[in-house]
Amino acid sequence: MPGPVLVPILGDQLSPEISSLADRKPDDTVILMMEVTEETTYVRHHKAKIALILSAMRHFAEELREVGWTVDYIMLDDPANTGSFTSEVARAVHRHRARGVQVTEPGEWRVRQAMEQWRTSLPVRVRVVPDTRFICPLPDFYAWAAGRKELRMEWFYREMRRKTGLLMDGDKPEGGRWNFDAENRGGPEAGLQPPAMPAFEHDSITRDVLAMVEQRFANHFGSLENFGWPVTRADAEAATAAFLKDRLPLFGKYQDAMVAGEDFLFHAALSPAINIGLIDPLDLCRRAEAEWREGRAPLEAVEGFIRQIIGWREYIRGMYWLEMPELADANGLDAARPLPDFYWTGDTPMRCLSECVRTTRDNAYAHHIQRLMVLGNFALLAGISPQDVSDWFLVVYADAFDWVELPNVAGMVLHADGGRLASKPYAASGAYIDRMSDYCGTCAFDVKKKTGEGACPFNALYWHFLARNEKKLAGYHRLAQPYATWRRMTEDKRTEYLESAETFLTTLEPAAAGWARG
Ligand code: FAD
Ligand code: DLZ
Ligand code: SF4
């Protein structure tokens, strides 16, 4: 009797329709799920991210068993656990006398490299199949990118609209425009009251995982006190339904707003569940579209939301595989300053940064504008090393996987890729943060003051950033105006900005070693 086919399912492949199972039958297949120290510690993930993935993996194993699959589940504290995907797959091939291995391609370059080795290190045939949960298959993305001088999300997004038929009226976009971004810039109006987030009870699986993580990963960043991420398909469905009903209608308008203490506002907070496979992204977009078609949410909100998923998310994933492995070391603006300590401790008088680090620590979450325009913008302006910034973003968010975190950090935020992903760096002074948040009112710094003692550090840093990168950035059409303003300033004014920024930069304490990689 030939042995079964072994199907390893990784911690971000928790979908019943995962491609590795598509042509398998339960009586001829053993599914292998592995909790391994290599994955829990290759960076020192936020405690909540580890808890989310391990609890969701344990629940998914139960879901698979209930419908008849055989699941060999290796727990983290199993004394026989050898600690890595590679060694655990080898052990399982032997244990089950498997006749072959079939696995869905992983999300990360690092794991893909390991999997390529399986072809020679394992004594059986290894088949790696494409991940069909993405809307744009990688070969299609490469074909789209080939020969284009400039890669831009907006053009790719239109292709995805045509391909999926989402918000299309024949071959035209619904509402006559592809993009309603201009309607999505509402600031933090007084009295803005987002609806409460859905809460999920912790069952015994989640309670066990939380206790284990608290004990075993005690010195990792982050708190488990507020742990509320969906860990089952049912939780994820409840989170989706609550978002579509309560928050989607105002998602567009307040997408860019930041309010102290309101950690989720009108955002979906669905990225962790989407990324690990508890929510199908295309199905989510179809349900969002139905909210508009049935008159329950405005077009600008639904278009904005769908653009994030079929546009940004798919574009980012394509760019990751197109640009790796070089992207991991990219440093187009030669930024070398170490990450400041306050990214871990939150201990800074800059209210915007302390508040964004606070929600990151409490929830393993910050919304897009907090990541891009506060945490990311500061790192860009201060010239923090892209590898330090990327490690931080990979550690601290529940939704962080290399394929999505790295292009966002190196491409969208830091411009380390020389402008391959985005048409200009999203650099901004304090005025932007003041317009889009309520942080500045209670900050130790004065956002209106440009230089000297008590001035908002973002103001001088903004000009310092432009001045020190003038050779590389002055030719960018979209930066022509700020460079013209810089050149119109008097020599004294420019010196004042540069000296003020330099003085501030000397106050930054580099982070203690060991927070991200131990
Ligand atoms: P919403 O604002 O409600 O958006 C809806 C969905 O759109 C998200 O759930 C997500 O699936 C998708 N989306 C939106 N923007 C992006 C984007 N730029 N890239 C990919 N998907 C997007 N997202 C991650 O999933 N993992 C990461 O590790 C990650 N790192 C980031 C790092 C930086 C520096 C920046 C600027 C952005 C990063 N993002 C990342 C994108 C985005 O910030 C998060 O997807 C979003 O904040 C998740 O919260 P939400 O579900 O409430 O999103
Ligand atoms: C992020 C993560 C963590 C913390 N732990 C595990 C684990 O123990 N087992 C597992 O299968 N996956 C884990 N993951 C997710 C993996 O890192 C992710 O599936 C790969 O990086 C995919 O490329
Ligand atoms: Fe941030 Fe400057 Fe506003 Fe303070 S004044 S919250 S440092 S933008």
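Residues numbered from 1 in each chain as written. Chains lettered and ligands numbered in written order. Predicted model: local features only at pLDDT ≥ 70, side-chain atom pairs only at ≥ 80, totals over all residues. Heavy atoms only, no water.

**Things to note about the site of ligand 3**
As a reminder of what qualifies: Nearness here has a simple test: a residue counts as near a molecule or strand if at least one of its heavy atoms is within 4 Å of that partner. Under the scheme applied here, ten amino acids are nonpolar (Ala, Val, Leu, Ile, Met, Phe, Trp, Tyr, Cys and Pro), four are charged (Asp, Glu, Lys and Arg), and all others, including Gly, are polar.
Taken together, Met350, Arg351, Cys352, Ile433, Tyr439, Cys440, Cys443, Phe445, Val447 and Cys456 are the residues near ligand 3. Of the residues belonging to the shell around ligand 3, the class tally is nine nonpolar, no polar and one charged.

**Some points on the site of ligand 1**
This is how it is decided: Polar contacts, as used here, are pairs of N or O atoms within 3.5 Å; protein pairs need one atom able to donate a hydrogen and one able to accept it. Residues neighboring in sequence count only if both atoms are side-chain atoms. Here the accessible surface of atoms and residues is derived via Shrake-Rupley with a 1.4 Å probe, and residues count as covered only by protein chains that are part of the display. Under the DSSP-based scheme used, a helix requires at least four consecutive residues in state H or I and a strand at least two consecutive residues in state E, with every element numbered from the N terminus.
Ligand 1 sits among 30 residues. The nearest are His267, Ala268, Ala269, Asn275 and Tyr365. Side-chain polar atom of Tyr365 to an oxygen atom of ligand 1: 2.6 Å apart, as the coordinates give it. Within the backbone of Asp399, an N or O atom sits 2.9 Å from a nitrogen atom of ligand 1. A total of 810 Å² of accessible area belongs to ligand 1 in isolation, and the protein chains cover 99% of it. Counting only elements with at least two residues in the shell around ligand 1, the list comes to α9 (271–276), α11 (299–323), α14 (368–382) and α16 (402–413).

**What to know about the sheet that holds strand β2 (residues 29–34)**
Within a sheet, each strand pairs with its neighbour through backbone hydrogen bonds, oriented either parallel or antiparallel. Selection criterion: We call two strands paired when DSSP finds no fewer than two bridges between them. Only the stretch in contact is used when a helix axis is fitted, and all axes are lines through C-alpha atoms; the angle between N-to-C directions ranges over 0 to 180 degrees. Whether two residues are in contact is decided by their heavy atoms: any pair within 4.5 Å suffices.
Strands sit in the order β3-β2-β1-β4-β5 across an open sheet of five strands; the sheet is parallel. Pairing within the sheet leaves two strands with one partner each, and these edge strands are β3 (70–74) and β5 (125–129). Between one strand axis and the next, the sheet turns through 25 degrees on average, direction left out of account. Pairing analysis gives four bridges linking strand β1 (residues 5–8) to β2, with the strands arranged parallel. In the sheet register, Leu6 faces β2, and the bridge partner there is Val30. Contacting β2 and β3, helix α2 (residues 47–66) runs over the sheet at an angle of about 160 degrees to β3.

**Overview of the side chain of Glu291**
For clarity, the threshold we go by: For each residue, the accessible area found with a 1.4 Å probe, counting protein chains only, is set against the maximum for its type, and the residue is called buried under 20%, exposed over 50%, and partly exposed in between.
If you trace the backbone, Glu291 turns up in helix α10 (residues 281–293). A residue is classified by how much of its surface remains accessible, and Glu291, at 11% relative accessible area, is buried. Every residue in contact with Glu291, bar those within four places of it in the chain, is listed here: Leu244, Leu248, Arg296 and Ala297.

**Points about a negative patch on the surface**
Basically, it comes down to this: Note on patches: the residues involved have over 30% relative accessible area and no salt bridge, like charges join within 9 Å, and the nonpolar side chains Val, Leu, Ile, Met, Phe, Trp and Tyr join within 5 Å. For this document, the term salt bridge refers to a Lys or Arg side-chain nitrogen within 4 Å of an Asp or Glu carboxyl oxygen. Charge convention: Lys and Arg are scored as positive, Asp and Glu as negative, and His as well as the terminal groups of each chain are ignored. The location of each charge is read from NZ of Lys, CZ of Arg, CG of Asp or CD of Glu.
Taken together, the side chains of Glu62, Glu66, Asp203 and Asp208 define an acidic patch exposed on the protein surface. Assignment of secondary structure puts Asp203 in the loop between β7 (172–173) and α7 (204–216). Since its relative accessible area comes to 31%, Asp203 is described here as partly exposed.

**Section: unusual backbone geometry**
Excluding glycine, residues mostly have negative phi values, and the peptide bonds linking residues are mostly trans. Residue Pro325 follows Met324 across a cis peptide bond; omega there is 5 degrees. Of note, Pro325 is situated in the loop between α11 and α12 (342–345). With phi around 45 degrees, Leu265 is a residue other than glycine that occupies positive phi space. With respect to the element layout, Leu265 can be found in the loop between α8 (233–251) and α9. Given the relative accessible area of 2%, Leu265 is considered buried. Although it is not a glycine, His415 sits at a positive phi angle of roughly 55 degrees. Note on placement: His415 falls in the loop between α16 and α17 (430–436).

**Overview of the packing of helix α18 (residues 457–468) against helix α21 (residues 491–505)**
Put simply, the test is: An angle counts as roughly parallel when it lies under 35 degrees, as roughly antiparallel when it exceeds 145, as roughly perpendicular when it falls between 65 and 115, and as oblique in every other case. If you view the pair so one helix is near and one far, a crossing is left-handed when the near helix is turned anticlockwise from the far one by less than a right angle, and right-handed when it is turned clockwise.
Across the interface, α18 lies against α21 with an axial gap of 8 Å and an inter-helix angle of 110 degrees. Considering their axes alone, α18 and α21 lie roughly perpendicular with respect to each other. Handedness of the α18/α21 crossing: left-handed. Here Pro457, Asn459, Ala460, Leu461, Trp463, His464 and Ala467 of α18 lie close against α21, whose contacting residues are Tyr497, Leu498, Ser500, Ala501, Glu502, Phe504 and Leu505. In terms of residue class, the contact of α18 with α21 is made up of 10 nonpolar, three polar and one charged.

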